[in-house]
Amino acid sequence: MSSLGTRVWSSVGKKLISGLTGLGLVIFVCIHLTGNLLLLVGADAFNRYSYFLEHLGHGAFIYFAEAGLVSFFALHIVSGISVWRRKAHARQVGYAVRGDAGGPSRKSLSSRSMLYSGILLAVYVPLHVAHFKYGGPPIIQLDGHEARDLYSLVVTEFKNPLIVALYSGAMLFLGLHLRHGIWSMLQSLGLLNRRLLPPAVTLAVIVSGLLAVGFLLLPLYVYLNPQVMPLTGGLG
Amino acid sequence: MSTMSFSLRIWRQDGPNLPGALQRYTVHGVTDDMSILELLDRLNEDLIAQGQDPVAFDSDCREGICGTCGLVINGVAHGPKSQCTTCELRMREFRGGRTVDGLLEITVEPWRAGPFPIIKDLVVDRTAFDRIIAAGGYVTVNAGSAGEANDLKIAKPDADAAMDAASCIGCAACVAACPNASASLFTAAKIAQFTHLPQGAPERARRALRMVEQMDAEGFGDCSNHGECEAVCPKGISISNIAVMRREFAKALLGGG
Ligand code: FES
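Trainee: Report on the interface of chain A and chain B, specifying residues and quantitative values.
Mentor: Listed per partner, the contact involves 44 residues of chain A and 54 residues of chain B. A buried area of about 3900 Å², summed over both sides, lies between chain A and chain B, and 55% of it is on carbon and sulfur atoms. One can count 4 salt bridges joining chain A with chain B. Ionic pairing is found between Lys14 of chain A and Asp222 of chain B, a salt bridge with its closest N-O pair at 2.7 Å. One can count 29 residue pairs in polar contact (both at pLDDT 80 or more) joining chain A with chain B. Only α1 (4-8), α2 (11-36), α5 (60-90), α6 (109-112) and α9 (161-188) of chain A provide two or more residues apiece to the side of chain A that touches chain B.

Have a look at this one:
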């Protein structure tokens, strides 16, 4: 019999890992969007939220959350690459004519491009973190504490059309990835049956669309609304 | 009804690991009710009469129950009609299709997957499936006189679910159609047909672990949940069986099967 490691990294084991990490990442993305939308409420709400997260559990929470996210990302990416490598090995000679069977097939642009949308997101995420998490925002006073003025950083960046275009592009790929990813993770975890499968696909279309639109809303809102300006009148 | 003329592009390959290529053949006088295998029979008669090597392809029952036949026709495993084996595919399905030089064009290719090496032309070696079955697709039975049939009570929904999975004829269209050349639907069906039945209980955990292990060892790809397999399956086996396989595997893994 095979070792536990081989079983965990078997074709089915990898689906369980990919589904579980995918589920975690989707939940994170939903929370992330909810937090981001505070930007629409105003500078104070947004900066207080960021201050709250950074100081939750005396600053320990954020490190746990980040360690979790990094390991989820890593496992998700590694299992995805493994699927692609085995596929390349399993069909070395392709078909001269490629057709779609239609009917109950769930094959779509989204499902066919998971590797590519995934790679783009894997490039985007570290850049995004470097950009906004480690970007040097000015310090403001919040209830007598020093706090980072993340609001002004975000607003300053989203006044730059190039940044707005790059972010919007990335969010379209996020939507594309999740269009297949959300129902696929439920199927990978073995949670679906004949009855639940069609509504799960519909749910994936709706949620991926809402997430993409939600994330697109912020850069466009900041860019197009002249009343939204950095608190400190610009950085640098 | 007028007859049809076809321009066929067929994969020809003399033997395993030899180079192959699509070759063009013309067949006239094709009627609506001919199956595509009868079309190939007709072509082969012509080829033999001309002293040429006939096209090798697999078939047995020619009534959609044995799973021996299987061709990728215009890029779709078992051709354009859903829930239909190659042997049951009638030429009327191709009326109004793509033409070249006034002839209807059809491209015929073998199942393409590393674990299914080509033996000749359109015939592939599918013994990888037999080894997956041998790894765990069986149940233990008491030898001796058969028990009273009604002693073993099985709820109707369980019997139905088992029967749905057991309708797999092992043709391997699922592998041929999968963009990843995964054998997940086949293996899942062969696991799921026992999952719901008391007869399958003794080997339940081992079955899931060993069959998945053998599927991987054969070199099939991983599943990406495209669902193309269900769409080409002549028996319409649902990918919900793949979810069953994953549940069975997870339970066996956690239970230390
Ligand atoms: S020859 Fe038996 S199913 Fe087609």
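Trainee: Kindly report on the nonpolar core, identifying the contributing residues and their values.
Mentor: If you look at the biggest cluster of nonpolar residues, it comprises 112 residues, and the most contacted ones within it are Phe6, Met91 and Phe116 of chain B. The dominant element in this core, judged by the number of residues it contributes, is α9 of chain A, at 11 residues. In this structure Phe116 of chain B touches Trp111, Val124, Asp125, Arg126, Ala128, Phe129, Ala172, Val175 and Phe220 of chain B, once residues within four positions along its chain are discounted.

Trainee: Hey, could you go over the packing of helix α4 (residues 43-55) of chain A against helix α8 (residues 150-157) of chain A for me, with residue numbers and the actual values?
Mentor: Residues and elements named next belong to chain A. Where α4 meets α8, the closest approach of the two axes is 8 Å, and the angle between their N-to-C directions is 115°. On α8, the residues that touch Ala43, Phe46, Asn47 and Ser50 of α4 are Leu150, Tyr151 and Val154. Split into classes, the residues belonging to the contact of α4 with α8 amount to 5 nonpolar, 2 polar and no charged.

Trainee: Account for the packing of aromatic side chains, naming residues and giving values.
Mentor: Using the criterion set out here, one finds 10 aromatic pairs over all chains in the structure. Between Phe46 of chain A and Tyr151 of chain A, the ring centres sit 6.5 Å apart and the planes meet at 65°, which makes this aromatic pair edge-to-face. With Phe46 of chain A in helix α4 and Tyr151 of chain A in helix α8, this residue pair connects regions lying 105 residues apart in the sequence. Overall, the relative accessible area of 8% leaves Phe46 of chain A in the buried class. Ring centres 5.7 Å apart and planes at 90° place the aromatic pair Phe132 of chain A and Phe158 of chain A in the edge-to-face group. Residue Phe132 of chain A is located in helix α7 (residues 114-133), and its partner Phe158 of chain A is located in the loop between α8 and α9; the two are separated by 26 residues in the primary sequence. Overall, Phe132 of chain A belongs to the buried group, its relative accessible area being 11%. Pairwise contacts between aromatic rings join Tyr124, Phe132, Phe158 and Tyr167 of chain A into one cluster. When the ring centre of Trp11 of chain B is taken as reference, the NZ or CZ atom of Arg112 of chain B above it lies at 4.1 Å.

Trainee: An account of the pattern of salt bridges is needed here, citing residue identities and associated values.
Mentor: Residues and elements named next belong to chain B. All chains considered together, the criterion is met by 24 salt bridges over all chains. Between Glu105 and Arg9 there is a salt bridge, with the nearest N and O atoms lying 4.0 Å from each other. Here Glu105 is found in strand β6 (residues 103-109), whereas its partner Arg9 is found in strand β1 (residues 4-13), with 96 residues between them in sequence. What you see here is one network of salt bridges that share partners, running through Arg9, Arg24, Arg98 and Glu105.

Conventions we followed
Residues numbered from 1 in each chain as written. Chains lettered and ligands numbered in written order. Predicted model: local features only at pLDDT ≥ 70, side-chain atom pairs only at ≥ 80, totals over all residues. Heavy atoms only, no water. Contact = heavy atoms within 4.5 Å. Buried area = accessible area lost by both parts, 1.4 Å probe. Salt bridge = Lys/Arg side-chain N within 4 Å of Asp/Glu carboxyl O. Polar contact = N/O pair within 3.5 Å; in protein donor to acceptor, adjacent residues only side chain to side chain. Helix = DSSP H or I, 4+ residues; strand = E, 2+ residues; numbered from the N terminus. Core = buried A, V, L, I, M, F, W, Y, C linked by side-chain atoms within 4.5 Å. Buried < 20%, exposed > 50% of the residue type's maximum accessible area, 1.4 Å probe, protein only. Axes fitted to C-alpha atoms, helices over the stretch in contact; angles between N-to-C directions. Nonpolar A, V, L, I, M, F, W, Y, C, P; charged D, E, K, R; others polar. Phe/Tyr/Trp six-rings, centres within 6.5 Å; stacked < 30°, edge-to-face > 60°. Lys NZ or Arg CZ within 6 Å of the ring centre and 35° of its normal.

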